[in-house]
Amino acid sequence: MRHLSTYFPGPTVRFALFAAALLCTQLLMTIAADASSRIKDIADFEGIRENQLIGYGLVVGLNGTGDSLNNTPFTQQSLQAMLERLGVNTRNSALNTNTVAAVMVTANLPPFSTQGTRIDVNVSALGDSSSLQGGTLLVTPLVGADGEVYAIAQGSVAIAGFTAQGDAASITQGVPTAGRIANGGLVERELEFKLASLTNVRLALRNPDLTTARRVALSINELIGMPTAEPVDPATVQLELPRQYDGNIVDLLTDIEQLIIEPDLAAKVVINEASGIIVMGQDVKVSRVAVAQGNLTVTIAETPEVVQPLPFANGETAVVPRTELNVNTDPDAKLAIVPGTVTLKQLVDGLNALGIGPRDMISILQAIKASGALQAEIEVL
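Below is a short write-up of the structure. (Residues numbered from 1 in each chain as written. Predicted model: local features only at pLDDT ≥ 70, side-chain atom pairs only at ≥ 80, totals over all residues. Heavy atoms only, no water.)

### Focus: the side chain of T72
Item 1. Mapped onto the elements of the fold, T72 is located in the loop between β3 (51-60) and α4 (73-85).
Item 2. Using a relative accessible area of 4% as the deciding quantity, one classes T72 as buried.
Item 3. Not counting residues within four places of it along the chain, the set of residues in contact with T72 comprises D67, G127 and D128. (Helix = DSSP H or I, 4+ residues; strand = E, 2+ residues; numbered from the N terminus. Buried < 20%, exposed > 50% of the residue type's maximum accessible area, 1.4 Å probe, protein only. Contact = heavy atoms within 4.5 Å.)

Written out as structure tokens, the structure is:
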């Protein structure tokens, strides 16, 4: 007769099994979390968005690094117009100051900003100013796309670069002609958007995809318990306000943006030929194909030779060209077979095994795509 411990493990064994099960559960949860995202991170709600503002102004108080008024007439005209508004007439006077610079001021108006809210503004030189260090932006209206003034900007400009110059050398670090004013904008006009009065909401996917849009709609319907969301196109999910959330759309949007789904991405290879960067998605597949890579090197060297005439001869000194031309090929280049339906890691390992650099790999990927063996889209930046 067997002992009961044969059928019922002891405390040590039970603890080990429990720890192993807990580790497997955590591993599966980690994998699922890595492959999934919140709706909040992959989609935007229509109407909840920023608006771009722009304005034209003057920065004063520069230490001789402002615009030269002779080369930038718009700075002189702006300075004269500003002085006239302050009661100073300089129309017939010759202004010659280098402490003023014309600038463009930009900012983003956050959604639901109320009057009196502070926002950050960016300041960029428009004329031939060499630096905005130490300057102060005067009152500048910031307008939106509709031409209405939504904010006023003013304050000291902080720049991240500097310029130092001597008689024979100069150094410039960063961009001294662009700066930022933290909390330098004051909101004066609110956007007319009533979120609480909406009866339907549209979600805009940041990466349009049919499968992702359908998964978002299914996840929302599962949360609410009734079919209220439907994908309209690859980038839009239409949502009707359910009865249980009537009058409280903020709670509905809060619940929706916390839902976890797994976005679906198309197989794509992104190539930046200027920097030699290659980025491949996890769904990139390659059919069975053979790849060979060999380097062809052509070396041209010029060694001109000077020929002198003999003494007491009537000849002239001449330069005779001498050109050496060498053509070398890689004798160790071999034909390698990349197996079909490989994973991304296997594809990268196979290409690295050929001993090639990123730029040669770009040409190989384009050649594999031309042969029809690369099951992905190539996008060249």
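### A look at the sheet that holds strand β17 (residues 277-280)
Item 1. Pairing in this open sheet of 3 strands is mixed, and the strands run β17-β16-β26 from one edge to the other. One side of each edge strand has no neighbouring strand; the edge strands of this open sheet are β17 and β26 (377-380). The sheet shows a mean angle of 15 degrees between the axes of neighbouring strands, taken without regard to direction. (Pairing = 2+ DSSP bridges. Axes fitted to C-alpha atoms, helices over the stretch in contact; angles between N-to-C directions.)

### Describing α4
Item 1. Between its first and last C-alpha atoms α4 spans 19 Å; for 13 residues at 1.5 Å apiece the expected length is 18 Å, and the two agree.
Item 2. Buried within α4 we find T75, S78, L79, Q80, M82 and L83.
Item 3. G87, located one to two residues past α4, shows a positive phi value of around 90 degrees. (Expected span 1.5 Å × (residues − 1).)

### Description of a nonpolar patch on the surface
Item 1. A surface patch of nonpolar side chains, amounting to about 240 Å² of accessible area, comprises Y56, F74 and L126.
Item 2. Here L126 is to be found in the loop between β5 (118-125) and β6 (136-143). (Patch = residues over 30% accessible without salt bridge, like charges linked within 9 Å, V, L, I, M, F, W, Y side chains within 5 Å. Areas by Shrake-Rupley, 256 points an atom, 1.4 Å probe, with all protein chains shown as cover. Salt bridge = Lys/Arg side-chain N within 4 Å of Asp/Glu carboxyl O.)

### Structural notes on the packing of aromatic side chains
Item 1. Evaluated as defined, the whole model comprises 1 aromatic pair.
Item 2. When the ring of F112 is compared with that of F193, the centres are 5.9 Å apart and the planes differ by 45 degrees; the resulting orientation is tilted. Note that F112 is positioned in the loop between β4 (100-109) and β5 and F193 in the loop between β11 (178-187) and β12 (200-205), a separation of 81 residues in sequence.
Item 3. On the basis of relative accessible area, F193 is assigned to the partly exposed category, the value being 29%. (Phe/Tyr/Trp six-rings, centres within 6.5 Å; stacked < 30°, edge-to-face > 60°.)

### As for the nonpolar core
Nonpolar side chains tend toward joint burial in soluble globular proteins.
Item 1. Counting residues in hydrophobic clusters, the biggest one holds 23 residues, and the most contacted among them are I39, L203, V216, I220, V237, L239 and I256.
Item 2. Elements represented by at least two residues in this core include exactly α3 (39-42), β2 (43-45), β12, α5 (210-224), β14 (236-240) and α6 (249-257).
Item 3. Among the elements that line this core, the one with the most residues is α5, at 5 residues.
Item 4. Listed in part, the 20 residues of the second largest apolar core include V59, A107, L142 and V187. (Core = buried A, V, L, I, M, F, W, Y, C linked by side-chain atoms within 4.5 Å.)

### A few points about the pattern of salt bridges
Opposite charge on two side chains lets them pair, provided their charged atoms get close.
Item 1. One pass over the full model with this rule turns up 6 salt bridges.
Item 2. The shortest N-O distance in the salt bridge between R189 and E148 comes to 3.9 Å. Of this pair, R189 sits in the loop between β11 and β12 while E148 is found in the loop between β6 and β7 (149-156), placing the two residues 41 residues apart along the sequence.
Item 3. Taking relative accessible area as the criterion, R189 reaches 36% and is therefore assigned partly exposed.
Item 4. Looking at E148, the relative accessible area reads 35%, which means it is partly exposed.

### Examining α6
Item 1. Those residues of α6 that fall on the buried side of the exposure criterion are I249, L252, L253, I256 and E257. One side of α6 carries all its buried residues, which in axial view fall inside an arc of 120 degrees.
Item 2. In this fold, the buried residues of α6 make contact with β1 (37-38), α3, β2, β12, α5 and β14. (Arc of directions from axis to C-beta.)

### As for unusual backbone geometry
Item 1. For F112, which is not glycine, the phi dihedral falls at a positive 60 degrees.
Item 2. What makes F112 partly exposed here is its relative accessible area of 43%.
Item 3. At N183, a residue that is not glycine, the phi angle is positive and equals roughly 55 degrees.
Item 4. Turning to its location among the elements, N183 is positioned in strand β11.
Item 5. Residue classification places N183 among the partly exposed positions, given a relative accessible area of 45%.

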